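# Tertiary structure, described
Below are the chains, spelled out letter by letter.
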Amino acid sequence: MTAALAFRGAARDARAAWSLRTWLTLAAFVAAACVPAVTGSARTADLAGGLYLAVAAVGLAFAVGIGGLPSLAQGAFVAVGAITAAHLLAAGVPTAPSAIAGGAAGALAAFAAGALFIRLPRAAFAAATWIVAWLVSLGAGSITWFLGGSEGFVVAGGPSPAEHYELALGLTALAGLAYAALARAPLGLRLAAARDRETAARALGIPVERARAVAVTLSGAAAGLAGALGVQLAGVGDPAQYGPFLSFKLFVVVLIGGAASAYGAVAGVIILGVLSVVADAIGSLEHVAAARSHTLLAAVMLLGVVSLGWDGLVRPARRGWSGGRTRGGTVAPAALVARTLGKRYGEVVAVDDVSLQLDPGTVTALVGPNGSGKTTLLRLLTGAVEPDRGTVEHGGVVRTLQATSIFPSLSPLEHLVTASAGLRRHGGVLRSLLSTPKARAEEARAAAEARSALTRFGVPVDPPASELTVTDQRILMLLAAAATGAPAILVDEPTAGASFAEAQRIAGVVDVLRAEGRAILVVEHNLAVVRKIADRVVALDAGRVVETA
Amino acid sequence: MAVALQILASGFAAGAVYGLVGVGHSLVFRLTGVVHFAFGELIALGVFVTLLVAAGSGPVSQTTVGGGRFLVALLVGLVVTAAASAGAYFLAIEPYRARGSTIGWVGASLAVAFAVRTLLTVFFDRPAYVFPDPLRLGVWNVGGATIQQRSLVVAGVALALAALGGMLLLRTRFGRALEAIAQDFDAAVVVGLPVAWLVGAAFAVAGAAAGLAAILAAPSGAFDVDAASLYGLYGLLAALVVRFDPRRALAAGIVVGLVQAAVTSAHAGGAQLGPAYRDVVPLALGLVLLAWHARRLPQVVE
């Protein structure tokens, strides 16, 4: 009975989301499935190889497009999958377990790269992953155990080219669906938030490194699977096929097709494939080897794409959110307690022996001149900076930043859904991938709560947050902080530069959050606002509490 | 003893070239915040243009070319490298750096790298080339080790270029302007420095210096585009592990060269890693060191 209800729910959701675009995609898929009937075996094998490349590219697109991570090691993860599968196949392991093991090996390698380098700035992350690509390529070429060195590693048997083609087509479709499912799951929203503005994402309590490591791992799994099946299709593991050019090529197709769309990478593979055929024809006239013309073609196309500021052939469809019941907002009673906090930067004492308690349902204003240590104290309270001494205890704390720090590409609704992702019990990667009934119900509930909160405070729901007024953006920051469910919220100068009417509106939101039982600490210079909203005022000077009223 | 001496001589020379490339990478990164993925290929361009002017694209022996013609070829090669390096900055890096598009400049610099690489392999289509050696330097046998005199020249020139670069940065108006740009790009623009031209010139100087060291090292063995790409890669590794500090990048490059030579030649009893691991081990060790640095990086706060 439960299963039947779940099935009906899924069918209803699918019907609601069905569109002309869906029909066209389905038609293209069916037509593509019939291709082996009209092509020869060699061409079918080429197409299957292209589709395996597309699987790896969709994985990379998730890391690049959603996570904003310039990962240049995708070719290396393909190689790891190929090496693993080649050895298992040679040992007599069937295709399916070998492919799964290849995918797992690719995921493991990517997880290692992610865990090791994800804290690096993006430029250094790109460089590190580029070195990984070279390391795997040079290792595969020079150490004969991996893929037989320059002679390659023969992989006999396995499915026919036509069977590989159908399998590759199915995997490409699944990879695209997985991309789409994860892009709107808590993982995808967190990645997008961190991509847009990392510091603001951290301030909301988003585990940025963990989300990015998961994204890289998932992209590695897709690459490993593609490599594992691709090596069996080719019949030989050739180290020359897994050089840095493969990573580059995957990067190119992702940027050409559009990294922010589930099937953009597939479109990129198709474009590059078609143009490669043309380049082969021209290259043969000029006696240029195919490999060289392909490399030059990819390089020139990428230069063209980035020069034009092209977002890719396939643009993402605007995400839609279904409605649902509104849950009553309740906050567990909790307080933030800081004891004898101290922090020095060299000779400068930023915070000196500060103790503070935030009680539920109260607003504490932190005032003081510039340089008095207010921002450092906020950083200490959230744990962004380690204190030299003292302790902070809380049941959850988030912070809004002094600068207006929205995520420009996300809608206000997506801001709140992202912020509340940590409260979801059924929003994990696997459940999101499978779109389970509980995951869908929870997603709908989160969207309904977000819509309700935004409507209540007059903030537009659906346009990109970059199009909102500054005041709406500041209210959005407050609502996103509240949506995390954290009992303690630290707000850094919410009304700086605001007119009287705007400041009153923002103060009204703070009032409501207090009424909901939040413990709020506001850093504020506008004393009129302080008088209106604060239950208690703490004055700071030279890092010390000089007055409490 | 003989093995240690051999490792020191060959590793130091190769490492000095890596170090010089690392200095170039560091300079570029400090000025612009970008990683120049095409550095190795632009060095290859300089080496092959020198070869083309000196001896054409056909077969060549080490004694084919006289000193005068080689000098002209060297100058042309350096000018082309400097121009290509500055051109890569203006056309493929600066537009995306200015937009703050990391994906853009990563893609653009990689595209330049592969475009240059392909063009070179179209014109120079043999697997590897012998590079003319106008100096016709020999070898010394010291304590059982065979030491190429060229190694000492290469190491000496690389160190001299690094020292010259350091003086250029510390004692000239050009160097002080670059330091100002490295410390605050926007402030440098505001005070009226011709930032774009200065950075372009820095790209040119870094490319030409690394190109000169690579050209001098090229006759040591068979040369191909991959060899130059590896110069770029090892230079990048050296710069990365010292977090793009130009002063320490040179030393890091030398360490990379020594590790590479040790992996190739050193053995303990009957055990030896050998040439198959000469590229893999330094890269792997560098990545381990980088990962260790990454764990100690402070979280970005605002």
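Note that the structure is predicted; figures quoted are calculated from it, not measured.

Before going further, it helps to examine the overall build of chain A. What chain A contains, in helices and strands, is 21 helices and 11 strands. Over its C-alpha atoms chain A spans a radius of gyration of 27 Å, differing by no more than 12% from the 24 Å that the globule rule assigns to 549 residues. If you line up chain A on its principal axes, its C-alpha atoms span 85 × 60 × 45 Å. Burial status across chain A gives 53% buried among its 549 residues. Sequence-distant contacts, at least 24 apart, represent 78% of the contacts inside chain A between residues at least 6 apart.

Within chain B, the secondary structure is distributed over 11 helices and 2 strands. Secondary structure of chain B in N-to-C order comes out as α-α-α-α-β-β-α-α-α-α-α-α-α. For 302 residues, the compact-globule estimate of 2.2 N^0.38 gives 19 Å, and the C-alpha radius of gyration of chain B, at 19 Å, lies within 12% of that figure. Each of the three principal axes of chain B carries a C-alpha extent, and together these read 60 × 45 × 35 Å. Taken across its 302 residues, chain B has 53% of its residues classed as buried. A separation threshold of at least 6 residues defines the contact pool for chain B, and within that pool the share at least 24 residues apart is 78%.

It is worth spelling out the interface of chain B and chain A at this point. At the interface, 39 residues of chain B touch 42 residues of chain A. Broken down by secondary-structure element, the contributors of at least two residues to the side of chain B that touches chain A are α3 (67–99), α4 (102–123), α9 (225–241) and α11 (280–295) of chain B. If one sorts the elements of the side of chain B that touches chain A by residue count, α4(B) sits on top with 13 residues. Of the residues in the side of chain B that touches chain A, the class split is 28 nonpolar, 8 polar and 3 charged.

On to the nonpolar core, then. Ala57(A), Ile131(A), Val17(B), Leu20(B) and Ala213(B) are the most contacted members of the largest nonpolar core, which has 301 residues in total. The element that contributes the greatest number of residues to this core is helix α3 (residues 41–66) of chain A, accounting for 17 residues. Excluding its chain neighbours within four sequence positions, the residues that come into contact with Ile131(A) are Leu233(B), Leu236(B), Leu237(B), Leu283(B), Gly286(B) and Leu287(B).

So, about the packing of α3(B) against helix α8 (residues 195–217) of chain B. Residues and elements named next belong to chain B. Two elements in contact, α3 and α8, have axes whose closest approach is 8 Å; the angle formed by their N-to-C orientations is 140°. With respect to α8, the element α3 is oriented oblique. Along this stretch, α3 crosses α8, giving a crossing that reads as right-handed. In this structure, α3 contributes Leu74, Gly77, Leu78, Thr81, Ala82, Ala83, Ala84, Ser85, Ala86, Tyr89, Phe90 and Glu94 to the contact, and α8 contributes Ala196, Val199, Gly200, Ala201, Phe203, Ala204, Ala206, Gly207, Ala208, Gly211, Leu212 and Ile215.

Residues and elements named next belong to chain A. With mixed pairing, 6 strands are arranged side by side in an open sheet as β7-β8-β9-β5-β10-β11. Looking along the sheet, the strands with just one partner apiece sit at the ends: β7 (397–400) and β11 (544–548). Here the average twist between neighbouring strands, direction ignored, is 20°. Here strand β10 (residues 536–541) pairs with β11 via 4 bridges, running antiparallel. Among the inter-strand pairings, Ala539 is bridged to a residue of β11, identified as Glu547. The strands touched by helix α19 (residues 470–483) are β7 and β8 (488–492); relative to β7, the strand with the most contacts, the crossing angle is about 170°. Those strands touched by helix α20 (residues 500–515) are β5 (362–367), β8 and β9 (519–523), and its axis lies near 155° from that of β9.

This part is about the domain arrangement of chain A. Residues and elements named next belong to chain A. Segmentation of chain A into domains returns domain 1 (41–240), domain 2 (336–406 + 468–548) and domain 3 (411–465). Domain 2 and domain 3 are separated by 26 Å when their C-alpha centres are compared. The partner domain 3 presents 14 residues to the 12 residues of domain 2 that form the contact. Tallied by class, the residues present in the side of domain 2 that touches domain 3 amount to 8 nonpolar, 3 polar and 1 charged.

We now examine the sheet that holds strand β6 (residues 389–393) of chain A. All names here are of chain A. The strand order β4-β3-β6 describes an open sheet built from 3 strands, whose pairing is antiparallel. The sheet is open, and its two edges are formed by β4 (348–358) and β6, each paired on a single side. The mean inter-strand angle of the sheet, taken between neighbouring strand axes irrespective of direction, is 20°. Sheet topology places strand β3 (residues 336–345) next to β4; 8 bridges connect them, and they run antiparallel. In the sheet register, Lys343 faces β4, and the bridge partner there is Val351.

All names here are of chain B. Buried residues of helix α6 (residues 173–183): Ala177, Leu178, Ile181 and Ala182, and no others. End-on, the buried residues of α6 take up no more than an arc of 140°, which puts them together on one face. Exposed side chains of α6 directed beyond 90 degrees from the buried face belong to Arg173 and Gln183. On its buried face, α6 is in contact with α1 (2–32), α5 (149–171), α7 (185–190) and α8.

Our next topic: the packing of α9(B) against α11(B). Helix packing for two helices is described by the angle between their axes and how far apart those axes are. Residue and element names in this part refer to chain B. At a minimum axis distance of 9 Å, the contact between α9 and α11 shows a crossing angle of 25°. The orientation of α9 relative to α11 falls into the category roughly parallel. Like other packed secondary-structure pairs, α9 and α11 cross with a definite hand, here left-handed. Along the contact surface, α9 presents Leu237, Leu240 and Val241, while α11 presents Leu283, Gly286, Leu289 and Leu290. In terms of residue class, the contact of α9 with α11 is built from 6 nonpolar, 1 polar and no charged.

Residue and element names in this part refer to chain A. Positive phi, normally seen in glycine, also occurs at Asp353, with a value near 55°. Topologically, Asp353 is positioned in strand β4. In this structure, Ala542 takes a positive phi of about 50° despite not being glycine. Take Ala542: it is sitting in the loop between β10 and β11.

One rule of thumb: low pLDDT means the predicted coordinates there are not for detailed reading. Across chain B, the average pLDDT comes to 85, with 94% of residues at 70 or higher. Among the prediction metrics, the complex's ipTM stands at 0.90, with pTM recorded as 0.82.

Attention now moves to the environment of Gln504(A). Residues and elements named next belong to chain A. Within the secondary structure, Gln504 sits in helix α20. Residue Gln504 is classed as partly exposed on the basis of its 14 C-beta neighbours within 10 Å. Remark: the alpha-carbon pair of Gln504 and Lys532, spanning 28 residues in sequence, is separated by 8.9 Å.

Turning our attention to the pairing of strand β2 (residues 145–148) of chain B. In regular strands, side chains alternate between the two faces of the sheet. All names here are of chain B. Taken together, the 4 bridges between strand β1 (residues 139–142) and β2 define a ladder with antiparallel strand orientation. Counted as the bridge partner of Val142 is Ala145 from β2. Hairpin connection, β1 to β2: the antiparallel pair is bridged by 2 residues, and Gly143 has positive phi, about 55°.

Our focus in this paragraph is α8(B). For α8(B), spanning 23 residues, the distance from its first C-alpha to its last is 33 Å, which sits close to the expected 33 Å at 1.5 Å a residue. Within α8(B), 19 of the 23 residues are buried, leaving the element largely enclosed by the surrounding structure.

What follows is about the environment of Glu493(A). Residues and elements named next belong to chain A. Summarising the element assignment, Glu493 is placed in the loop between β8 and α20. Exposure remark for Glu493: the 20 C-beta atoms within 10 Å place this residue in the buried category. For Glu493 and Ala168, which are 325 residues apart along the polypeptide, the C-alpha to C-alpha distance reads 54 Å. Those residues within four positions of Glu493 in sequence are excluded, and the remaining contacts are Gln402, Val523, Glu524 and His525.

The next point concerns the pairing of β9(A). All names here are of chain A. Summarising burial for β9: 5 of the 5 residues are buried, a large majority. Because side chains alternate across β9, one face comprises the buried residues Ala519, Leu521 and Val523, and the other comprises Ile520 and Val522, equally buried. Relative to β9, β8 runs parallel, the two sharing 5 bridges. Across the sheet, Val491 pairs through a bridge with Val522, a residue of β9.

About the criteria used
Residues numbered from 1 in each chain as written. Chains lettered and ligands numbered in written order. Predicted model: local features only at pLDDT ≥ 70, side-chain atom pairs only at ≥ 80, totals over all residues. Helix = DSSP H or I, 4+ residues; strand = E, 2+ residues; numbered from the N terminus. Rg over C-alpha atoms; globule rule 2.2 N^0.38 Å. Buried ≥ 20, exposed ≤ 12 C-beta atoms within 10 Å, placed from the backbone. Contact = placed C-beta atoms within 7 Å. Nonpolar A, V, L, I, M, F, W, Y, C, P; charged D, E, K, R; others polar. Core = buried A, V, L, I, M, F, W, Y, C linked by C-beta atoms within 7 Å. Axes fitted to C-alpha atoms, helices over the stretch in contact; angles between N-to-C directions. Parallel < 35°, antiparallel > 145°, perpendicular 65-115°, else oblique. Left-handed = near helix turned anticlockwise from the far one by under 90°. Pairing = 2+ DSSP bridges. Domains from an automatic or database assignment. Arc of directions from axis to C-beta. pLDDT = per-residue confidence, 0-100. Expected span 1.5 Å × (residues − 1).

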